[in-house]
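Analysis of the macromolecular model
What follows is each chain in one-letter form.
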Amino acid sequence: MASWNSAHLEVLYNVLGWLAFVSWSISFYPQVILNFRRKSVVGLNFDFVLLNLTKHSSYLIYNASLFFSSTVQRQYREKFGLNEVIIPDFRLVMIIFIMGFSICLFMFWCFPLQMIPVAANDVAFSVHAVLLTVFTLAQIVMYDRGNQKVSKTAAVLVSVAWLAAAVCVFVSIPRHSWFWLVSCFNTIQVVMTVIKYIPQVYLNYRRKSTIGFSIGNILLDFFGGITNYFQMVVQSIDQNSWINFYGNIGKTMISLVSILFDILFMVQHYILYPASKRTSDNPISLGEEASQVTKEESHSVDV
């Protein structure tokens, strides 16, 4: 089992990880609370929620498998498991004079087991994310939806994703390629991460408004992305290796893509379509806004 070289970096790693967990987990609640208060989900893009469920379900399968399964961990280390280091001359001298047990110590020192790139906070976040996304879908079923619906494009994308996952399962079983299988789920979550934000960005653009979409969710998501990324940086510094970045490309992408789109959402909310600008241009109540959005959606087409 790989170990930390610095106790201080290990503490910082855990602190950053659980900060990311808290921030990302809390980020689901502003939208849930907003839906509850309005008794409406008008303004929340349903494609975003459906794609999010596929993304988080795939990420949960990857995180839980790599964190709990010793077989998957062993296959991960077989692929990435030895750190690249430069061997100093004095170690070569030790090999010449002391054979046997000293060689074993030398190999363990020079080539330590690579730490797995999944932490307990990653698993906890995935479980919580799946549960809250399912709850948001339940709100979509219960509350006023106007004329909004899931687009055919999103339905096809989700179907293709799970069909691809099923194919990967059948391919991996005879080969016992379990790390390859969970990596397929990780790839699915990366694709869903890139795609899932686009429908909401487009809906905000078409409406010229972010009303109905919680900015609190975005601010917390942005902070979670920052802390999650620097957690990986801390591990890489301690292990003197950047393997965990490409060894867990999903965790890398979830941070970078989230940060990118969160910045775009903040630009839309605070600069392009601020509530104060809409109020001054056309002062209407929240109820009238919801009614107006419903009319807009009735003339919209699937994206």
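Values in this document were obtained by computation on a predicted structure and should not be read as measured data.

1. Topic: the nonpolar core
Residues Tyr62, Leu66, Tyr76, Phe125 and Phe179 are the most contacted members of the largest nonpolar core, which totals 20 residues. Of all the elements in the fold, those that place two or more residues in this core are α1 (7-26), α3 (46-68), α4 (70-80), α7 (120-142) and α9 (178-207). Take this core: its biggest share by element is four residues, from α7. Those residues in contact with Tyr62 that sit more than four places away from it in its chain are Pro117, Val118, Val182, Ser183, Asn186, Gly247 and Asn248. Among the nonpolar cores identified, the runner-up in size contains 16 residues, and Tyr143, Ile215, Phe261 and Phe265 belong to it.

2. Regarding the packing of helix α2 (residues 29-38) against α7
In the contact formed by α2 and α7, the axes pass within 11 Å of each other and the chain directions differ by 20 degrees. By the angle class used here, α2 and α7 are roughly parallel. Taken as a pair, α2 and α7 cross one another with a handedness that is left-handed. Touching Tyr29, Val32, Asn35 and Phe36 of α2 are His128, Leu132, Phe135, Thr136 and Gln139, all from α7. Among the residues forming the contact of α2 with α7, the class breakdown is five nonpolar, four polar and no charged.

3. Some remarks on the packing of aromatic side chains
One pass over the structure, following the stated rule, counts 16 aromatic pairs. For the pair Tyr197 and Phe261, a centre-to-centre distance of 5.0 Å together with 15 degrees between the ring planes defines the contact as stacked. Taken together, the positions of Tyr197 in helix α9 and Phe261 in helix α12 (residues 249-272) put the pair 64 residues apart, joining distant regions of the chain. By relative accessible area, which is 3% here, Tyr197 ends up buried. By relative accessible area, Phe261 is classed as buried at 14%.

4. Describing the pattern of salt bridges
Counted according to the given criterion, the structure contains two salt bridges. Among the ionic pairs, Glu78 bridges to Arg74, the shortest N-O distance being 2.9 Å. In this pair, Glu78 and Arg74 are both assigned in helix α4, four residues apart and thus about one turn of the helix distant. Note that Lys251 is salt-bridged to Asp122, the shortest N-O span being 2.9 Å. Remark: Asp122 occurs in helix α7 and Lys251 occurs in helix α12; sequence separation between them is 129 residues. This pair shows no difference in class: Lys251 is buried, exactly as Asp122 is.

5. Regarding the packing of α3 against α9
The interhelical angle for the contact between α3 and α9, taken along N-to-C directions, is 155 degrees, at an axis separation of 8 Å. Here α3 lies roughly antiparallel to α9, going by the angle between them. Viewed along their axes, α3 and α9 form a crossing whose handedness is left-handed. By residue class, the composition of the contact of α3 with α9 is 12 nonpolar, 10 polar and three charged.

6. Comments concerning empty space enclosed by the protein
In this structure the tally under the stated criterion is one cavity of 30 Å³ or more. The computed volume of the largest cavity comes to approximately 260 Å³. Around the largest cavity sit 20 residues that line it, and Phe28, Phe48, Asn52, Lys196 and Asn217 are the ones nearest its centre. Class assignment of the residues belonging to the lining of the largest cavity gives a composition of nine nonpolar, eight polar and three charged.

Thresholds applied
- Residues numbered from 1 in each chain as written.
- Predicted model: local features only at pLDDT ≥ 70, side-chain atom pairs only at ≥ 80, totals over all residues.
- Heavy atoms only, no water.
- Core = buried A, V, L, I, M, F, W, Y, C linked by side-chain atoms within 4.5 Å.
- Buried < 20%, exposed > 50% of the residue type's maximum accessible area, 1.4 Å probe, protein only.
- Helix = DSSP H or I, 4+ residues; strand = E, 2+ residues; numbered from the N terminus.
- Contact = heavy atoms within 4.5 Å.
- Axes fitted to C-alpha atoms, helices over the stretch in contact; angles between N-to-C directions.
- Parallel < 35°, antiparallel > 145°, perpendicular 65-115°, else oblique.
- Left-handed = near helix turned anticlockwise from the far one by under 90°.
- Nonpolar A, V, L, I, M, F, W, Y, C, P; charged D, E, K, R; others polar.
- Phe/Tyr/Trp six-rings, centres within 6.5 Å; stacked < 30°, edge-to-face > 60°.
- Salt bridge = Lys/Arg side-chain N within 4 Å of Asp/Glu carboxyl O.
- 1 Å grid on protein atoms, 1.4 Å probe; cavity = no way out; pocket = protein on both sides within 12 Å on 5 of 7 lines; lining within 4 Å.
- Points joined across faces, edges and corners; volume = space filled by probe spheres on them.

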